[in-house]
Amino acid sequence: MSVAGCLFDQTETGPDFTLHNIRSHLADQETAIVVGRVKKRGDAAGNVSIRAELLIEDEYNHASIQTFVISEDVDGRVIALPFTSDSSFYDEQTFTARAKIIRHGEADGEWVSETA
């Protein structure tokens with residue numbers, strides 16, 4: 001007698017995330033904020049890490065990375081990454097933003113740039 005079985009992948013895959021609508025704002029003289037919208041495909045909860053950068057004087061030389069939790073009962077959320085300074089640095093600059101999803105163990109997402 002033989003026993004038939006089924007092989008299956010036991011690794012859980014989390015939801016798939018996409019990033020949209022990147023914008024930068026000056027909150028006050030010392031704080032710039034990059035906001036965007038993360039959309040989730042899938043029914044499970046998951047964490048998504050976002051890297052945002054500010055373009056100042058023709059260089060993306062300011063970066064912030066933050067991880068956000070997207071619960072199972074929502075399909076997305078608005079995210080905000082702060083950039084802070086001890087002086088009025090951001091108030092004195094003109095800047096635009098870009099951001100991408102960081103995927104650990106895989107290729108990162110594409111850059112999503114702020115549009116005028």
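Check the entry above for the structure.
Residues numbered from 1 in each chain as written. Predicted model: local features only at pLDDT ≥ 70, side-chain atom pairs only at ≥ 80, totals over all residues. Heavy atoms only, no water.

**Brief notes about the nonpolar core**
So, point 1. Counting residues in hydrophobic clusters, the biggest one holds 21 residues, and the most contacted among them are Val38, Val48, Ile50 and Leu54.
So, point 2. Breaking this core down by element, the ones donating at least two residues are strand S1 (16-28), strand S2 (31-41), strand S3 (46-56), strand S4 (59-70), strand S5 (76-84) and strand S6 (95-102).
So, point 3. In terms of residue count, the dominant contributor to this core is S3 (five residues).
So, point 4. If near-sequence neighbours (up to four positions away) are discounted, Val38 is found in contact with Phe17, Thr18, Leu19, Val48, Ile50, Ile70, Asp75, Gly76, Arg77 and Ile79. (Core = buried A, V, L, I, M, F, W, Y, C linked by side-chain atoms within 4.5 Å. Buried < 20%, exposed > 50% of the residue type's maximum accessible area, 1.4 Å probe, protein only. Helix = DSSP H or I, 4+ residues; strand = E, 2+ residues; numbered from the N terminus. Contact = heavy atoms within 4.5 Å.)

**Let's talk about the pattern of salt bridges**
So, point 1. A complete count under the given rule lists four salt bridges for this structure.
So, point 2. The partner of Arg98 in a salt bridge is Glu53, and the shortest N-O contact between them spans 2.8 Å. Remark: Glu53 occurs in strand S3 and Arg98 occurs in strand S6; sequence separation between them is 45 residues. As far as burial versus exposure is concerned, Arg98 and Glu53 are alike and both buried.
So, point 3. In this structure, Lys100 engages Asp108 in a salt bridge whose closest nitrogen and oxygen atoms are separated by 3.4 Å.
So, point 4. Salt bridges here are not isolated pairs; linked through shared partners, they connect Arg51, Glu53 and Arg98. (Salt bridge = Lys/Arg side-chain N within 4 Å of Asp/Glu carboxyl O.)

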